[in-house]
Amino acid sequence: GANASGLVGLRFRRCVQGVTFIRPLLDCQRADLRAYLNAQGVTDWREDQSNQDRSIRRNAIRHDILPRLTRLAGSDAGLRAALQGLREDAEYLETLAAEQPVTDDTGAAWRDLPPALLPRVLRRWLAQTLGRDIIPSRAALVRLRDELSREGTTPRLIPLGGELELEIRGDRLRLVPDRVPAVTVHDWRW
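Described below are features of the structure shown in this document. Positions within a chain are numbered from 1, following the residues in the order the chain's sequence is written. Reporting in this predicted model follows two pLDDT cut-offs: at least 70 for local features of residues, and 80 or more for side-chain atom pairs to be given and counted; totals over whole chains, interfaces and linings ignore these cut-offs and use all residues. Only hydrogens and water are set aside; all other atoms, that is, all heavy atoms of the structure, feed into the side-chain values.

Here we look at the packing of helix 6 (residues 118-130) against helix 7 (residues 138-149)
Keep this limit in mind: A fitted line through C-alpha atoms represents every axis, and for helices the fit uses only the stretch in contact; the resulting angles, taken between N-to-C directions, go from 0 to 180 degrees. Helix and strand assignments follow DSSP, with helices taken as H or I runs no shorter than four residues and strands as E runs no shorter than two, numbered in order from the N terminus. Relative orientations are named as follows: roughly parallel for angles under 35 degrees, roughly antiparallel for angles over 145 degrees, roughly perpendicular for angles from 65 to 115 degrees, and oblique for any other angle. By the convention used here, residues are in contact when the closest approach between their heavy atoms is within 4.5 Å. For this scheme, ten residues count as nonpolar: Ala, Val, Leu, Ile, Met, Phe, Trp, Tyr, Cys and Pro. Four count as charged, namely Asp, Glu, Lys and Arg, and the remainder, Gly too, count as polar.
For the pair helix 6 and helix 7, interaxial distance at closest approach is 11 Å and the crossing angle is 100°. It follows from the interaxial angle that helix 6 and helix 7 lie roughly perpendicular. Here Leu 118, Pro 119 and Leu 122 of helix 6 come into contact with helix 7, specifically with Leu 141, Leu 144 and Arg 145. Grouping the constituent residues of the contact of helix 6 with helix 7 by class yields five nonpolar, no polar and one charged.

Here it is as structure tokens:
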């Protein structure tokens, strides 16, 4: 159910809870990195063992499906070009979402958002409100769109996972105060 932002995977630069992660080798092929390290005489490195676990969907795609597609196409150039296009689309939509006023909690403001911006603006609003990143499920987004299109003053709750719920009451959208979990402060020690 991921949109373009989820399909592009890891980013070269990403800020999470005030920490900027920079991944300069993200675009390098694993075989090329190993060959370079070996050529430099480096033989001692660590690899995350979970990356080999094919029961994890992303690993099954990485180890089974992508190599087949590459063999069928003759190279991975087309896949890389498509991924770059998706990344550019995602970054543009995220820029547009960042320009939306997330402090406006009226239903009309949410209702008027284009479908491609709604999940991004909601995610940004939740992050600003809660101090942590929450990725709303596809089901929650569909329900939110449906509830925003309905009229009425009866409160409607939309579960976002865990204890977190959105409430639509009349033309207002807000987090249910007594259901908002406490924010965990992380002390990053490297």
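From this point, the narrative continues.
Examining the packing of aromatic side chains
Using the following cut-off: Aromatic pairs are defined between Phe, Tyr and Trp rings, using the six-membered ring for Trp, whenever the two ring centres lie within 6.5 Å; interplanar angles under 30 degrees are classed as stacked, those over 60 as edge-to-face, and all others as tilted. Buried residues are those whose accessible area, probed at 1.4 Å on protein chains only, stays under 20% of the maximum for their type, while exposed residues exceed 50% and partly exposed ones sit between those limits.
Inspection of every chain in the model, using the stated rule, returns one aromatic pair. Centroid distance Trp 110 to Trp 125: 5.5 Å. Interplanar angle 70°. Geometry classified as edge-to-face. In this pair, Trp 110 sits in helix 5 (residues 107-111) while Trp 125 sits in helix 6, placing the two residues 15 residues apart along the sequence. A relative accessible area of 3% means that Trp 110 is categorised as buried.

As for helix 3 (residues 57-73)
Condition: The length a helix should cover is 1.5 Å for every residue beyond the first. Across the chain, bend at a residue is computed as the angle between axes fitted to the seven residues ending at that point and the seven starting from it.
The end-to-end C-alpha separation of helix 3 is 22 Å, in line with the 24 Å expected for 17 residues at 1.5 Å each. Roughly 35° is the biggest bend found in helix 3, and it falls at Ile 65, with proline Pro 67 one to four residues downstream. Residues of helix 3 that are buried make contact with helix 2 (30-39). In the segment just after helix 3, Gly 74 is the residue with positive phi, at about 95°.

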